[in-house]
Amino acid sequence: MSPSVAYEFQALPNDDEIEDHKVEGGNPHRRRQPKKFSCVLLILLVTSVIFNVISMAFWLRFPKQGYSYYPQLTETPAEIAVAYEVTRFGAAKELLFEQDRSPHVDAAWRNLYDFSGSTLPGNNNTPTMSEIRDFMKQQGTKIQLLDIFHQLHCLDTIRKAYYPQDYDEQIIVSSHVIHCINAIRQSLMCMVDVSKVSWVWDEQTDALVESQSNFHTCRDFEKIKQWALENHYDRQFVVVPQQR
């Protein structure tokens, strides 16, 4: 009779035990590779986000020549000074320009558009209108200035026309005033301000008044004015050939 053989049977492992075995006995480098790859992607993503945020901040803060929020399609020497800001219309500091004429009000208006002490070549004094006319007839020159200062000059001329007894008749002659009205009309239609404007009822005056919450996107006037002051460009006399 052949000797008996003893057999020992073991239960088959379940699915969870098989997975644990694979993890414990597998290649450790292969296990860590996906984790390293994810870390590299995360670092690249964070770096890209930071770079884009910084680039956007510089782009918004320092608009460069050749680009602006509203592209300048015609040549201007002041393009480098163009910057934008949000401005609330009707602020208290602007009310000075609504007051009746006085030396103080006149000076404030003039300071908006004629502030660098315009002179004729070879003359250190601010010229009168007649001196400018005589010089231009003799020298064949033209006056160049940024149109904003021409527009403000025109608006001031219209203001002065309300007080004809107080100003030089040559300044407020009807043909000049009509020219100024049309120049401002053209400028308003050119810029086409699409900001919202609203009115509210004022109990004190028993009338509609402009809301104090009317905001506009504006070119920074003070920066343009500073550039013009540094470059004497509120009135610039340029010698040109005898043609218009």
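Calculation rules
- Residues numbered from 1 in each chain as written.
- Predicted model: local features only at pLDDT ≥ 70, side-chain atom pairs only at ≥ 80, totals over all residues.
- Heavy atoms only, no water.
- UniProt positions renumbered as here; feature names shortened; annotations may be inferred.
- Axes fitted to C-alpha atoms, helices over the stretch in contact; angles between N-to-C directions.
- Helix = DSSP H or I, 4+ residues; strand = E, 2+ residues; numbered from the N terminus.
- Parallel < 35°, antiparallel > 145°, perpendicular 65-115°, else oblique.
- Contact = heavy atoms within 4.5 Å.
- Nonpolar A, V, L, I, M, F, W, Y, C, P; charged D, E, K, R; others polar.
- Phe/Tyr/Trp six-rings, centres within 6.5 Å; stacked < 30°, edge-to-face > 60°.
- Buried < 20%, exposed > 50% of the residue type's maximum accessible area, 1.4 Å probe, protein only.

The protein chain is annotated in an unreviewed UniProt entry as Tat pathway signal sequence of Leucocoprinus birnbaumii. Note on the protein chain: under the UniProt heading Pathway (unreviewed entry), the record states "Mycotoxin biosynthesis." Listed under Sequence similarities (unreviewed entry) in UniProt, the entry text for the protein chain is "Belongs to the ustYa family."

Packing of helix α5 (residues 147-161) against helix α7 (residues 221-231) leaves a shortest axis separation of 11 Å and a crossing angle of 105°. In terms of orientation, α5 and α7 fall into the roughly perpendicular class. Together, Ile148, Phe149 and Leu152 of α5 and Phe221, Ile224, Lys225 and Ala228 of α7 make up the contact between the two elements. Its residues assigned to classes, the contact of α5 with α7 shows six nonpolar, no polar and one charged.

Throughout the structure, instances matching the rule amount to two aromatic pairs. The interplanar angle of 85° and the centroid separation of 5.2 Å between the aromatic rings of Phe97 and Trp109 together place this pair among those described as edge-to-face. One end of the pair, Phe97, is in the loop between β1 (84-88) and α3 (103-113); the other, Trp109, is in helix α3, with twelve residues separating them in the sequence. Judged by its relative accessible area of 23%, Phe97 is partly exposed.

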